[in-house]
Amino acid sequence: MARDLRAFIKLVEERGQLRRIKALVDSDLEIAEIANRMLQVGGPALLFENVRGTSVPVVVNLLGTVERICWAMKMEKPEELEDLGRKLAMLQQPKPPKKIAQAVDFGKVLFDVLKAKPGGSFLPACQQVVVKEEELDLNLIPMLRPYPKDAGKNITLGLVITKDCETGVPNVGVYRLQLQSKTTMTVHWLSVRGGARHLRKAAEQGKKLEVAIAVGIDPILIMAAATPIPVDLSEWLFAGLYGGSGVALTKCKTLDLEVPADAEFILEGTITPGEMMSDGPFGDHMGYYGGAEDSPLVRFHCMTHRKDPIYLATFSGRPPKEEAMMAIALNRIYTPILRQQVSEIADFFLPMEALSYKAAIISIDKAYPGQARRAALAFWSALPQFTYTKFVIVVDKDINIRDPRQIVWAISSKVDPVRDVFILPDTPFDTLDFASEKIGMGGRMGIDATTKIPPETDHEWGEVLESDPDIAQRCDRRWEEYGLADIDLTEVDPNKFGYEM
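The shown structure was predicted, so the numbers you read here are calculated from the model rather than taken from an experiment.

Enquirer: Break down the sheet that holds strand 22 (residues 421–428) for me, with residues and values.
Expert: Here we have 5 strands laid out as an open sheet, ordered 19-20-21-23-22, and mixed in their pairing. Across the chains shown, the open sheet's two edge strands, defined by having one partner strand only, are strand 19 (345–349) and strand 22. Strand-to-strand, the axes of this sheet are offset by a mean angle of 20°, without reference to chain direction. In this sheet, strand 23 (residues 441–449) lies alongside strand 22 in antiparallel orientation, the contact comprising 6 bridges. Looking at the pairing, leucine 424 lines up with arginine 444 of strand 23.

If you want it as structure tokens, here you go:
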């Protein structure tokens, strides 16, 4: 399986899900417009081989479907991602094994951790070409400007690598960078992110913060860097756990930082604490332009790259986008971890249309009155990434939480708005959410769409309509005899039910 960007492109092409575009295209607006149309229909990845003003090809939509995300994670089906989640859950809160089988399982996970340790590289491909100082021009990289009111071109799938100046522990994050000049970019990160913490520490010691940007990397590294799970493991180790073997790293040419040896581009620079520049506006995942704000300025002094490099790009916006596909995969990985944190949760789902984190649907095996409300409150505090979830809908475990028709039925048939809807006002919130009355503060809503039991209700609940089990089994046995074996009952076309998709 793939271990760098080129191997993954080859894999996707061999499986018939990559198109090579030879026509001349522009990285300013045009590539994003073409890619957006492909994303809307779950289309193939696109490799633009003839980009105006550069010899560097651009690949987009590489992670534009859940299927391709699974391939990047060395898997074939989304369900397999939950096995990975179970490993991470064991590492997060290890428990003494009570049975031999549990001890064996934990031993296998520890062995996977040993295999996942990063290794070195003596002939790193990312340093085949070295460009320093006055020769450096970031315009060599065909960065995209996706939307007409964006402030400039940007990098959105680069790994931003920094290091704690006290502990030496690295942080690998995926943050947007805006091109400011041929040698400078601004980095947009939230104050709670690792890179921002490292910058504050550097400022306290009167030091510059070293920053390396890895562009065009194995997609599994992007998934590892985007996984905000509270386990005391480095992103490199996560990537090794995801891929089954350690990541090859190499030392930067001018910085005391390690970077992926097989990256297409490495940018090396520093941030002087307090040196800021206006960043934005840019189209963001909410589907609107985010406002301009001052962000740290990175001054680059060295760029290394492969011979004949390829630029891996994407962009944010209203779903479906590649970031939404990654969130769906991460949803599967979170599930076992969430079950360990909140035992009554049977399953949970973050719909892409709800921006992958604004609304959550959770199912529970209901055992006592008020349990749905407890589960919703526990969900909000289970993991840091659920802090900004606005709506939590709780349903019974027999509801398929990935079928919107069943969710609408559960809400419509089981919810009394007075009894079953509760609101938490004035909680800390996402500053990108313009729906909030005050930026950074907002409310949350929980909806109990479970079957009610006393004392939640003082009357008998209706009896659910169900098939006769004997007749259902008879139909299963005779289905081919009926001449209906060619009809796939697992695939549902929503357009046949009044939806427009």
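Back to the text.
Enquirer: Please set out a nonpolar patch on the surface residue by residue, giving values where relevant.
Expert: On the surface, Tyr288, Phe434 and Ile439 cluster together into a nonpolar patch covering about 340 Å² of accessible area. Among the secondary structure elements, tyrosine 288 is positioned in the loop between strand 15 (282–283) and strand 16 (289–290). Judged by its relative accessible area of 52%, tyrosine 288 falls in the exposed class.

Enquirer: Please set out helix 1 (residues 5–14) residue by residue, giving values where relevant.
Expert: Listing the buried residues of helix 1 in full gives Leu5, Phe8, Ile9, Leu11 and Val12. Projected down its long axis, helix 1 carries its buried residues within an arc of 160°, all on one side. Facing away from the buried side of helix 1 by more than 90 degrees, the exposed set consists of Lys10 and Glu14. If you follow the buried residues of helix 1, they end up packed against strand 1 (18–21), strand 2 (45–48), strand 3 (58–60), helix 3 (66–72), helix 7 (219–225) and strand 18 (311–312). After helix 1 finishes, the residue glycine 16 shows a positive phi value of roughly 75°.

Enquirer: So what's going on with the side chain of lysine 321? Which residues, and what values?
Expert: With respect to the helices and strands, lysine 321 occurs in the loop between strand 18 and helix 9 (322–341). In contact with lysine 321, not counting residues within four places along its chain, are Asn36, Leu39, Gln40, Tyr147, Phe315 and Ser316.

Enquirer: Any details on the sheet that holds strand 18? Residues and values, ideally.
Expert: Pairing is mixed in the open sheet, where 4 strands are placed in the order 1-2-3-18. The outermost strands of the open sheet, each flanked by one partner alone, are strand 1 and strand 18. Two elements, strand 3 and strand 18, share 2 bridges in a ladder whose sense is parallel. Looking at the pairing, valine 58 lines up with tyrosine 311 of strand 18. Helix-sheet contacts for helix 1 involve strand 1, strand 2, strand 3 and strand 18, and the interaxial angle to strand 1 is about 105°.

Enquirer: Hey, could you go over the pairing of strand 7 (residues 159–163) for me, with residue numbers and the actual values?
Expert: For strand 7, the tally of buried residues reaches 4 of 5 residues, placing the bulk of the element in the interior. When strand 7 meets strand 8 (residues 170–174), the two strands line up antiparallel, connected through 5 bridges. Paired with lysine 163 across the two strands is proline 170, which belongs to strand 8. Here strand 7 folds back onto strand 8 in antiparallel fashion, the turn holding 6 residues, of which glycine 168 has a positive phi close to 80°.

Enquirer: A description of the packing of aromatic side chains should follow, citing residues and the corresponding values.
Expert: Counted by the stated rule, this structure contains 9 aromatic pairs. Geometrically, the ring pair formed by phenylalanine 348 and phenylalanine 379 is tilted, given 5.9 Å between the ring centres and 55° between the ring planes. Remark: phenylalanine 379 occurs in helix 10 (residues 371–382) and phenylalanine 348 occurs in strand 19; sequence separation between them is 31 residues. Each member of the pair phenylalanine 348 and phenylalanine 379 is classed as buried.

Enquirer: Any chance you could break down the environment of tryptophan 71 for me, citing the residues and the numbers?
Expert: Checked against the element boundaries, tryptophan 71 lands in helix 3. Taking relative accessible area as the criterion, tryptophan 71 reaches 4% and is therefore assigned buried. As for tryptophan 71 and phenylalanine 8, which are separated by 63 residues in sequence, their C-alpha atoms are 8.4 Å apart.

Enquirer: Account for a negative patch on the surface, with residues named and values stated.
Expert: Taken together, the side chains of Asp398, Glu460, Glu463 and Glu466 make up a negatively charged region of the molecular surface. By the element assignment, aspartate 398 lies in the loop between strand 21 (391–396) and helix 11 (404–414). For aspartate 398, a relative accessible area of 61% gives the class exposed.

Enquirer: Could you give me a rundown of helix 11, with the residues and numbers involved?
Expert: Those residues of helix 11 not exposed but buried are Ile407, Ala410 and Lys414. End-on, the buried residues of helix 11 take up no more than an arc of 70°, which puts them together on one face. With respect to the buried face of helix 11, the exposed residues turned more than 90 degrees away are Pro404 and Ser412. Looking at the packing, one finds that the buried side of helix 11 touches strand 20 (359–364), strand 21, helix 12 (417–420) and strand 23. N-capping of helix 11 is provided by aspartate 403, with a side-chain oxygen placed 3.0 Å from the backbone N of arginine 405.

Conventions and cut-offs
Residues numbered from 1 in each chain as written. Predicted model: local features only at pLDDT ≥ 70, side-chain atom pairs only at ≥ 80, totals over all residues. Heavy atoms only, no water. Pairing = 2+ DSSP bridges. Helix = DSSP H or I, 4+ residues; strand = E, 2+ residues; numbered from the N terminus. Axes fitted to C-alpha atoms, helices over the stretch in contact; angles between N-to-C directions. Patch = residues over 30% accessible without salt bridge, like charges linked within 9 Å, V, L, I, M, F, W, Y side chains within 5 Å. Areas by Shrake-Rupley, 256 points an atom, 1.4 Å probe, with all protein chains shown as cover. Salt bridge = Lys/Arg side-chain N within 4 Å of Asp/Glu carboxyl O. Buried < 20%, exposed > 50% of the residue type's maximum accessible area, 1.4 Å probe, protein only. Arc of directions from axis to C-beta. Contact = heavy atoms within 4.5 Å. Phe/Tyr/Trp six-rings, centres within 6.5 Å; stacked < 30°, edge-to-face > 60°. Lys, Arg positive; Asp, Glu negative; His and termini not counted. Charge placed at Lys NZ, Arg CZ, Asp CG, Glu CD. Polar contact = N/O pair within 3.5 Å; in protein donor to acceptor, adjacent residues only side chain to side chain.

In short, geometric facts, not functional conclusions.
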